[in-house]
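Okay, here's what each chain looks like letter by letter:
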Amino acid sequence: SVSPRSRPPYPAPPPSASDGAASPPIQPSPAASASTTAATLHSSAASAEVFPSSASNLPWAPPTPGRLSLQFKSHVRVLGCRHGLVLILDQTPQLLVWDPVTCQQHLLAYSPEFDPDNSLINGAVLRSAAGAGDVHFQVVLVASEYEKKLLACVYSSETGVWGTLFSTPMPSGNSLHTRVCLEHAVLVGDSLYWILAGTTLFNLLEFDLKTESLAVIPLPADKSYDAGLNSPEGRFTVMRAEGGGLGLLSVSGFTAQLWKRKTDFDDVASWGMGRTVELDELLSMDSKDYLDIEGYAEDNNLVFLWTGRSLFTVKFEPLQCKKLFDTNNRRCYYPFETVYAAGT
């Protein structure tokens, strides 16, 4: 199952945050085990829908009876889902880490080093360890300061505080109006990746969780200079490459191209294109259809593709596809993947 949400325009930077006390850390579901085998997305991952509500004056209303439902009194933005957790940004501005299965919530203020009035912000959530029995989590916030630099900071529920502020320069020749795209981060190995869009260039922003370093990675040359023509959303997604490592999926017409980041003997990294896959027959498309990438489920290495009429999931290794449902509305899907004990 997936959670749909209409794509909003990029919101204006919210007002400054005030420091607040953090709530107790999220507790795991009693039914969860330490198994690290991810549930398949279509059969066992739960669907969590976020929708507006005007019934409360609180930033976050108490959850409605039952699981997988949360009401809000104002516009919110889902920053992503990972390891059974959802990260949500409110206009207050505060962050909410939510476990839709246990209904546990953890509310935290921005890092004091971030200036919401002068930054475009995105983020990601992950368990400190990916096993189902782990209690603690981390939140990684990234931001692009106007015409200055790119920033990252990590919150740990174990310590209850934000850590060191990390920064890296804007991409050369493209600093003006560079922003971290709305699309959620993708975790590949020990690094989180976001798409960076500027006035003329696309790049990737990498935060290495092990070395705690921030870096900009250029996209393949023929994919980097389209920013002035179209939005990157829908045409690229970072993914796990075939055989492992950092990969990229790009869509042009009815053709999907699979790229992989490689390092040579001199430790010089570059992109190489692997397979191309023609998707028109696989997805039963006609001449009026077109392809957009609507989401990526990293645990299952599964891509959500919309043809203008229907939503499909496609797995490239091995090549498999499944039609989910018909829709002529373009949406952003946040796959919710979690683990649980067999038989619970």
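To start, this report covers the structure provided alongside it. (Residues numbered from 1 in each chain as written. Predicted model: local features only at pLDDT ≥ 70, side-chain atom pairs only at ≥ 80, totals over all residues. Heavy atoms only, no water.)

### Things to note about the pairing of strand β8 (residues 119–127)
- Among the 9 residues of β8, 9 are classified as buried, and the element is accordingly described as predominantly covered.
- The two faces of β8 match: Ser119, Ile121, Gly123, Val125 and Arg127 on one face and Leu120, Asn122, Ala124 and Leu126 on the other face are all buried.
- Sheet analysis places β8 next to strand β9 (residues 137–145), joined by 9 bridges and oriented antiparallel. Paired with Leu126 across the two strands is Gln138, which belongs to β9. (Buried < 20%, exposed > 50% of the residue type's maximum accessible area, 1.4 Å probe, protein only. Helix = DSSP H or I, 4+ residues; strand = E, 2+ residues; numbered from the N terminus. Pairing = 2+ DSSP bridges.)

### Side note on the packing of aromatic side chains
- Under the criterion given, the structure shown has 7 aromatic pairs.
- When the ring of Phe137 is compared with that of Tyr155, the centres are 6.3 Å apart and the planes differ by 35°; the resulting orientation is tilted. Taken together, the residues span a long stretch of sequence, with Phe137 in strand β9 and Tyr155 in strand β10 (residues 149–156) at a distance of 18 residues. Each member of the pair, Phe137 together with Tyr155, is buried.
- Taking the centre distance of 6.4 Å and the plane angle of 55° together, the rings of Phe325 and Tyr333 count as tilted.
- Residue Phe325 is classed as partly exposed on the basis of its relative accessible area of 33%. (Phe/Tyr/Trp six-rings, centres within 6.5 Å; stacked < 30°, edge-to-face > 60°.)

### As for the environment of Ala197
- Note on placement: Ala197 falls in strand β15 (residues 191–197).
- Look at Ala197 and you get buried, because its relative accessible area is 6%.
- Placed 20 residues apart in sequence, Ala197 and His177 show a C-alpha to C-alpha distance of 8.2 Å.

### Quick word on the nonpolar core
- Counting residues in each nonpolar core, the largest one holds 33 residues, and the members touching the most others are Leu204, Leu246, Leu249, Leu279, Leu283, Leu305 and Phe316.
- Ranked by residue count, the leading element in this core is strand β19 (residues 246–252), at 4 residues.
- Contact partners of Phe316, with chain neighbours within four places excluded, come to Met239, Glu242, Leu249, Ala256, Leu258, Arg275, Val277, Leu279 and Val303.
- Counting residues in each nonpolar core, the second largest holds 19 residues, with Leu85, Phe114, Ile121 and Val125 among its members. (Core = buried A, V, L, I, M, F, W, Y, C linked by side-chain atoms within 4.5 Å. Contact = heavy atoms within 4.5 Å.)

### Structural notes on the sheet that holds strand β22 (residues 292–297)
- The sheet built from 4 strands is open, its strands ordered β22-β23-β24-β25 with antiparallel pairing. Sheet topology places β22 and β25 (319–326) at the edges, where each strand pairs with a single neighbour. Geometrically, the sheet is characterised by an average inter-axis angle of 25° between neighbouring strands, direction not taken into account.
- By the bridge criterion, 5 bridges tie β22 to strand β23 (residues 302–306) in an arrangement that is antiparallel. (Axes fitted to C-alpha atoms, helices over the stretch in contact; angles between N-to-C directions.)

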